[in-house]
Amino acid sequence: FMRLELFNFVEETLQLLESYDDILNEIGDKIQRTLKEQFSNDESFLNIVYRVKSEKSLREKMIKNNFYIKYEEPEHVFGNLSDLIGVRIECRFIKDEEHIYNKIVEFFNVKNEDGYYTCEAYPSMKLKLSEKQPQVQKNGFEIYKIDGVYNYGKNSFNFELQIKSMVNVFWGEIDHKILYKNYNYMITEGFFKDIMNSIKDNLSMIDRQ
């Protein structure tokens with residue numbers, strides 16, 4: 001019975017995700033254009049990309065984090081999912097990540113409630129700039145990761161903004177696809193950590209050079 005309820009809850013949430021697909025892509029596009037406008041003349045800026053959370057990724061996250069137990073309604077899942085939309089600003093070097101972040105703080109300077117900031121030009125978009133950056137991830141490495149909210153009509157949708165240099169974009173792909181997706185990770189945790197630390201050190205050296 002429990003498994004059937006879990007299955008129904010997951011399927012209902014995925015249907016809700018599908019019904020919001022056009023809106024989420026529209027919001028992602030607006031965020032992308034807004035930030036591109038601000039950094040188009042900045043020589044440290046390379047690119048900005050966004051993605052809407054896929055059904056596969058959401059299903060995995062819901063089961064892994066026991067969302068069925070935590071939330072009563074699919075809408076509650078959406079309200080508490082910080083990376084429903086993922087936005088990434090890509091810059092040249094590691095030192096440029098701080099530069100981009102400081103520019104964002106400069107631009108989003110109107111204080112709202114709960115540590116969120118917005119700007120006069122784009123009042124629909126809010127960023128939580130009250131948290132210390134860069135944040136330390138579970139793997140021990142630092143990342144510029146900012147929670148955001150986009151108001152769309154009567155609804156609001158969460159998004160996550162990351163700032164990454166070229167080597168950290170590459171590192172993030174390795175970390176996500178080898179460590180995060182590797183379900184046997186705990187068996188050989190020390191071995192994997194040594195390898196990943198070595199790769200990270202080499203990438204940092206490349207960045208310095």
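Residues numbered from 1 in each chain as written. Predicted model: local features only at pLDDT ≥ 70, side-chain atom pairs only at ≥ 80, totals over all residues. Heavy atoms only, no water.

## Some details on the overall build of the chain
Item 1. Broken down by element type, the chain carries eight helices and eight strands.
Item 2. Against the globule reference of 17 Å for 209 residues, the chain gives a C-alpha radius of gyration of 18 Å, in line with a compact fold.
Item 3. The C-alpha extent of the chain, read off along each of the three principal axes, is 60 × 50 × 25 Å.
Item 4. The proportion of buried residues among the 209 residues of the chain is 40%.
Item 5. For the chain, long-range pairs separated by at least 24 residues make up 62% of all intrachain contacts whose partners lie at least 6 apart in sequence.
Item 6. Just so you have it, the chain exposes about 12,500 Å², and 50% of that area is on carbon and sulfur atoms.
Item 7. Of note, the chain has its 28 positive side-chain charges centred 3 Å away from the centre of its 35 negative side-chain charges. (Helix = DSSP H or I, 4+ residues; strand = E, 2+ residues; numbered from the N terminus. Rg over C-alpha atoms; globule rule 2.2 N^0.38 Å. Buried < 20%, exposed > 50% of the residue type's maximum accessible area, 1.4 Å probe, protein only. Contact = heavy atoms within 4.5 Å. Areas by Shrake-Rupley, 256 points an atom, 1.4 Å probe, with all protein chains shown as cover. Lys, Arg positive; Asp, Glu negative; His and termini not counted. Charge placed at Lys NZ, Arg CZ, Asp CG, Glu CD.)

## A closer look at helix α6 (residues 94-107)
Count 3.6 residues to each turn of an α-helix, and residues three or four apart come out pointing the same way.
Item 1. The end-to-end C-alpha distance of α6 is 21 Å, a good match for the 20 Å that 14 residues give at a rise of 1.5 Å each.
Item 2. Looking only at α6, the buried set comprises D96, E97, I100, Y101 and I104. Considered in projection along α6, the buried side chains sweep an arc of 145° and stay on one side of the axis. For α6, the exposed residues set more than 90 degrees away from the buried face come down to K95 and E106. (Expected span 1.5 Å × (residues − 1). Arc of directions from axis to C-beta.)

## Comments concerning the packing of aromatic side chains
Item 1. Per the stated rule, a full pass over the model turns up eight aromatic pairs.
Item 2. For the ring pair Y20 and F157, a centre distance of 5.2 Å and an interplane angle of 75° mean the geometry is edge-to-face. Here Y20, found in the loop between α1 (2-19) and α2 (21-39), pairs with F157, found in strand β8 (residues 155-165); they are 137 residues apart in sequence, far enough to count as distant.
Item 3. Among the aromatic residues, ring-to-ring pairing joins Y20, F78 and F157 into one connected group.
Item 4. Over the ring of Y116 we find K126, and its NZ or CZ is 5.7 Å from the ring centre.
Item 5. Above the ring of F141, the side-chain terminus of K200 is found at 5.5 Å from the ring centroid. (Phe/Tyr/Trp six-rings, centres within 6.5 Å; stacked < 30°, edge-to-face > 60°. Lys NZ or Arg CZ within 6 Å of the ring centre and 35° of its normal.)

## Observations regarding the environment of F192
Item 1. For F192, the location among the structural elements is in helix α8 (residues 189-208).
Item 2. Measuring from C-alpha to C-alpha, the distance between F192 and E5 comes to 37 Å, with 187 residues separating the pair along the chain.

## Here's the deal with α2
Item 1. The first and last C-alpha atoms of α2 sit 27 Å apart over 19 residues, in line with the 27 Å expected at 1.5 Å per residue.
Item 2. Among all positions in α2, only L24, I27, G28, I31, Q32, T34, L35 and F39 are buried. Axial view of α2: buried residues confined to an arc of 165°, hence all on one face. Away from its buried face, by an angle of more than 90 degrees, α2 presents the exposed residues D22 and E37.

## Describing unusual backbone geometry
Item 1. Of the consecutive residues Q133 and P134, the connecting peptide bond is found in the cis state with omega at -5°.
Item 2. We note that N66 has phi near 55°; this positive angle belongs to a residue other than glycine.
Item 3. Tracing the chain through its elements places N66 in the loop between α3 (55-64) and α4 (67-70).

## A closer look at a nonpolar patch on the surface
Item 1. A contiguous nonpolar surface patch, about 260 Å² in accessible area, is contributed by L46, F93 and M166.
Item 2. M166 gets classed as partly exposed once you look at its relative accessible area, which sits at 46%. (Patch = residues over 30% accessible without salt bridge, like charges linked within 9 Å, V, L, I, M, F, W, Y side chains within 5 Å. Salt bridge = Lys/Arg side-chain N within 4 Å of Asp/Glu carboxyl O.)

## Digging into a negative patch on the surface
Item 1. Among the surface-exposed residues, E12, E72, E73 and E75 lie close enough to one another that they form a single negatively charged patch.
Item 2. Position of E75 among the secondary structure elements: in helix α5 (residues 74-79).
Item 3. According to the relative accessible area criterion, E75 is partly exposed, its value standing at 45%.

## Observations concerning the side chain of D42
Item 1. With respect to the helices, strands and loops of the structure, D42 is situated in the loop between α2 and β1 (45-52).
Item 2. Engagement of the side chain of D42 in a polar contact is seen with the side chain of H99, the distance being 2.7 Å. (Polar contact = N/O pair within 3.5 Å; in protein donor to acceptor, adjacent residues only side chain to side chain.)

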